[in-house]
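Breakdown of the fold
Residues per chain, in single letters:
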Amino acid sequence: MGMMRNRIALVTGASSGIGLATAATLAREGADVAVLARPQDDLSEAVRQVTAYGRRALPVGVDVRDSAGVRAAFERVEAELGPIDAVLNNAGISRVAPLVDTTDQDFDDLMAINVAGSFYVLREAARVMQPRGAGAIVNTGSELALMGQPGFVAYTATKGAIVAMTRSAAAELVSWGIRVNSVCPGTTRTPLLMVEFSDSPDPEAEIAEIESSVAAGRFGEPQEIAEAVVFLLSDRASYAVGTHLVVDGGRSTCIPAGNIGVSQNV
């Protein structure tokens, strides 16, 4: 408890899923938290969870595609909460479609939000942290930045870009005392994901098929990803620079035991 005590944190995509869980976990660990999401998104639950730990919460509506809006959001957070110590750069969307059915608009939307938006947030975080010579940034990548899956060609392009940006930003900013890392979640039970499954002809069968590909045998929970993020943002990860922490139940690295002919008595 308390590994983010008296820090000021900023979380994008904070209205639900991993962003919401991370905002609450940062507050649990002692941080005041600026919770950012699109202007039309409801941030009341994020505010409720942060303040339940006795910490200050500042809701800010911003579209990360708007670079001027991102800069204004950072300026407001610093004016109202104080100097920003930690950032989870998490806002993003997903589109699922075969490559030949992926539209120009799908691709443009993914690039604008996941890549350009993440870049704008990363850039502003660096700008406010450099004069103070300290800070920690975590970008949200994906296991799909590291492995392939049908239906996600455009999405994986964006997450691969985020992992690449993380490496270069880490190399550039470490001399300023700023650590940049990424977390690469696996299939995580977020509202965004469950909406994708609701469009499937047989959601339960599709969920079961994906779970069978995960060594842990289940989806991850937002809280499990949040714990990894807060670790990377804390001083406990002081020697983690440019790393990509994969939290995917072993899906990208392990063959599920049920898929191999290994005797349980061996």
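Computed from a predicted model, the values in this text were never measured in an experiment.

1. Regarding the overall build of the protein chain
Of the regular secondary structure elements, the protein chain holds 8 helices and 7 strands. A globule of 266 residues ought to have a C-alpha radius of gyration of about 18 Å, and the protein chain, at 18 Å, matches this closely. Judged by the C-alpha coordinates and their principal axes, the protein chain covers about 55 × 50 × 35 Å. Across the protein chain, contacts joining residues at least 24 apart in sequence account for 72% of those joining residues at least 6 apart. Summed over its atoms, the accessible surface of the protein chain is roughly 12,200 Å², and 54% of this surface lies on carbon and sulfur atoms. Considering the protein chain, the positive charge centre built from 21 side chains and the negative charge centre built from 31 side chains are found 9 Å apart.

2. Remarks on the packing of aromatic side chains
Inspection of the entire model under this criterion finds 2 aromatic pairs. On the numbers, 6.1 Å between centres and 65 degrees between planes, the contact of Phe 119 with Tyr 120 is edge-to-face. Judged by its relative accessible area of 36%, Phe 119 falls in the partly exposed class. Ring geometry for Phe 152 and Tyr 155: centres 6.0 Å apart, planes at 65 degrees, overall edge-to-face. Across this residue pair, the class does not change: Phe 152 and Tyr 155 are buried.

3. With respect to empty space enclosed by the protein
Under the criterion given, the structure shown has 1 cavity of 30 Å³ or more. By volume, the largest cavity amounts to about 40 Å³. Taken together, Arg 95, Val 96, Ala 97, Thr 102, Gly 151, Phe 152, Val 153 and Ala 154 form the lining of the largest cavity. Its residues placed into classes, the lining of the largest cavity shows 5 nonpolar, 2 polar and 1 charged.

4. Quick word on a nonpolar patch on the surface
On the surface, a nonpolar cluster with roughly 320 Å² of combined accessible area is contributed by Leu 99, Val 100 and Val 153. With respect to the helices and strands, the residue Leu 99 is situated in the loop between β4 (86–89) and α4 (104–129). You can call Leu 99 exposed: its relative accessible area is 56%.

5. Things to note about the pairing of strand β5 (residues 135–140)
Of all the 6 residues making up β5, 6 are buried; the element is thus mostly covered by neighbouring parts of the structure. Of the two faces of β5, both are covered, the one formed by Gly 135, Ile 137 and Asn 139 as well as the one formed by Ala 136, Val 138 and Thr 140. Taken together, the 4 bridges between β4 and β5 define a ladder with parallel strand orientation. Opposite Asn 89, over in β5, you have Asn 139 as the bridge partner. The handedness of the β4 to β5 crossover, carried by α4, is right-handed. Note: β5 against strand β6 (residues 178–185), 6 bridges, orientation parallel. Following the sheet pairing, Thr 140 is matched in β6 by Val 183.

6. Things to note about the layout of surface pockets
Considered as a void within the structure, the second largest pocket measures approximately 220 Å³ in volume. Looking at the lining of the second largest pocket, the elements with two or more residues in it are α4 and α5 (153–173). Split by residue class, the lining of the second largest pocket holds 6 nonpolar, 2 polar and 3 charged.

Scoring rules and cut-offs
- Residues numbered from 1 in each chain as written.
- Predicted model: local features only at pLDDT ≥ 70, side-chain atom pairs only at ≥ 80, totals over all residues.
- Heavy atoms only, no water.
- Helix = DSSP H or I, 4+ residues; strand = E, 2+ residues; numbered from the N terminus.
- Rg over C-alpha atoms; globule rule 2.2 N^0.38 Å.
- Contact = heavy atoms within 4.5 Å.
- Areas by Shrake-Rupley, 256 points an atom, 1.4 Å probe, with all protein chains shown as cover.
- Lys, Arg positive; Asp, Glu negative; His and termini not counted.
- Charge placed at Lys NZ, Arg CZ, Asp CG, Glu CD.
- Phe/Tyr/Trp six-rings, centres within 6.5 Å; stacked < 30°, edge-to-face > 60°.
- Buried < 20%, exposed > 50% of the residue type's maximum accessible area, 1.4 Å probe, protein only.
- 1 Å grid on protein atoms, 1.4 Å probe; cavity = no way out; pocket = protein on both sides within 12 Å on 5 of 7 lines; lining within 4 Å.
- Points joined across faces, edges and corners; volume = space filled by probe spheres on them.
- Nonpolar A, V, L, I, M, F, W, Y, C, P; charged D, E, K, R; others polar.
- Patch = residues over 30% accessible without salt bridge, like charges linked within 9 Å, V, L, I, M, F, W, Y side chains within 5 Å.
- Salt bridge = Lys/Arg side-chain N within 4 Å of Asp/Glu carboxyl O.
- Pairing = 2+ DSSP bridges.
- Right-handed = clockwise from strand over helix to strand, strands pointing away.

These values are about where atoms sit, not about what they do.
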